[in-house]
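Letter by letter, the chains look like this.
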Amino acid sequence: AIFGVVKRGPRKVVANLPVAGPADTSITITGWRLDQYDLDIYLEIMHLARDTTPGTELRFSLHTILKRLHDTRHVGSTDKAWIMQRLKNLAETTISFDEGRRAGTAGALITSFAVDKETGEGVITTNPKLRSLWDDITHLNIEQRRMLGGHQLAKAMHAMLSSHATWYPMRLDTLMHRVGCDFERVRAFREQVQHVLEDFLRREWIYSYKIGTGDGGLVEIDKVRPPTQVRSVQRLQTGSDDAGTSALKG
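Bear in mind the structure is a predicted one, so any value in this text is a computation, not a measurement. (Residues numbered from 1 in each chain as written. Predicted model: local features only at pLDDT ≥ 70, side-chain atom pairs only at ≥ 80, totals over all residues. Heavy atoms only, no water.)

**Student:** Describe helix α3 (residues 77-92), naming the residues involved and giving the relevant values.
**Tutor:** With 16 residues, α3 extends 22 Å from end C-alpha to end C-alpha; this agrees with the ideal 22 Å at 1.5 Å per step. Every buried residue belonging to α3 is among I83, R86, L87, N89 and L90, and all of these are buried. The buried residues of α3 occupy an angular sector of 155° when projected down its axis, which confines them to one face. Among the exposed residues of α3, those oriented more than 90 degrees off its buried face are S77 and T78. (Helix = DSSP H or I, 4+ residues; strand = E, 2+ residues; numbered from the N terminus. Expected span 1.5 Å × (residues − 1). Buried < 20%, exposed > 50% of the residue type's maximum accessible area, 1.4 Å probe, protein only. Arc of directions from axis to C-beta.)

**Student:** Provide a residue-level description of the pattern of salt bridges, including the pertinent values.
**Tutor:** One pass over the structure, following the stated rule, counts 13 salt bridges. Here R86 makes a salt bridge to D35, at a shortest N to O gap of 2.7 Å. Taken together, the residues span a long stretch of sequence, with R86 in helix α3 and D35 in strand β4 (residues 34-35) at a distance of 51 residues. The burial state of R86 is the same as that of D35; both residues are buried. (Salt bridge = Lys/Arg side-chain N within 4 Å of Asp/Glu carboxyl O.)

**Student:** An account of the environment of T94 is needed here, citing residue identities and associated values.
**Tutor:** Tracing the backbone through its elements, the reader meets T94 in strand β6 (residues 94-98). T94 sits in the partly exposed class, given a relative accessible area of 29%. Separated by 13 residues in the primary sequence, T94 and G107 place their C-alpha atoms 4.8 Å from one another. If we skip the residues at most four places from it in the chain, T94 touches T28, I29, T30, T105, G107 and A108. (Contact = heavy atoms within 4.5 Å.)

**Student:** Mind laying out the side chain of S61, listing which residues take part and the relevant values?
**Tutor:** Mapped onto the fold, S61 is located in strand β5 (residues 57-61). With sequence-adjacent residues up to four places away left out, S61 is seen in contact with G120 and E121.

**Student:** A description of unusual backbone geometry should follow, citing residues and the corresponding values.
**Tutor:** In this model, N16 sits at a positive phi of 55°, which is unusual for a non-glycine residue. Position of N16 relative to the elements: it lies in strand β2 (residues 13-19). With a phi angle near 65°, E204 is a residue other than glycine that sits in the positive phi range. You can call E204 exposed: its relative accessible area is 63%.

**Student:** Break down the nonpolar core for me, citing the residues and quoting the values.
**Tutor:** Membership of the largest hydrophobic core comes to 31 residues, with the highest contact counts inside it found for I2, F3, Y42, I45, L87, L90 and L109. Contributions of two or more residues to this core are made by β2, β3 (26-32), α1 (36-48), β5, α2 (62-70), α3 and β8 (110-115). The element best represented in this core is α1, accounting for six residues. Non-local contacts of I45, meaning those with residues more than four positions away in its chain, are made with L58, L87, L90, I110, I124 and T126. (Core = buried A, V, L, I, M, F, W, Y, C linked by side-chain atoms within 4.5 Å.)

**Student:** If you had to explain the environment of E44 to someone new, which residues and values would you point to?
**Tutor:** Within the secondary structure layout, E44 lies in helix α1. The spacing of E44 and I142 is 98 residues in sequence and 8.8 Å in space, taken between C-alpha atoms. Ignoring anything within four residues of it in the chain, the contact list for E44 reads I65, R68, L69, I142 and R146.

Structural data, given as structure tokens:
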């Protein structure tokens, strides 16, 4: 929910905005209300950083990232200005937490960045305090996500499914909160989620789904697991490895 499903319009500045998190933990963000486009860029950064140690400098090219995001040969000055602003959003938005006994801040999604405005070459420093986000991203199929284009709710739902090895039934209003939706009515959210899940069904990314009645109706999804999550579930079921337990908590 750090990266929400945000309506079009001026970007919102937020201070201590509550977002959904693990049970018994309060998570807030201060800075900018981030959306799925910000997550697209963050995922590309994490993809480039996959073989590095969190917290080290990462060299990148605005042109390369934009081509991966938009699948186009031409990248103009407007595109570069757009991604520069998005990088500033990531660097200026901090995450705070309260776990009961411990409270504090994990800092910004990226620690710093600098770009040569003529060549588009740059360097980013990632935040090692957010290593847990890296671990969740390993289960996300980036190629599937790119197929969803600019559909923010579809991307948010895809990310939610990717972070759960097993999908447990979830209330519709809870799901709306978890994906950071701005819908005023749960009924409108239900209609959009149904369209998204029908599309996932056609793409064979899920086996089936069911949405219960009312705002508190349960959303049940039988998802297609990637091989890494299949192995995690098998370890948990056999009781041979505690790692499966942590894999299922996402």
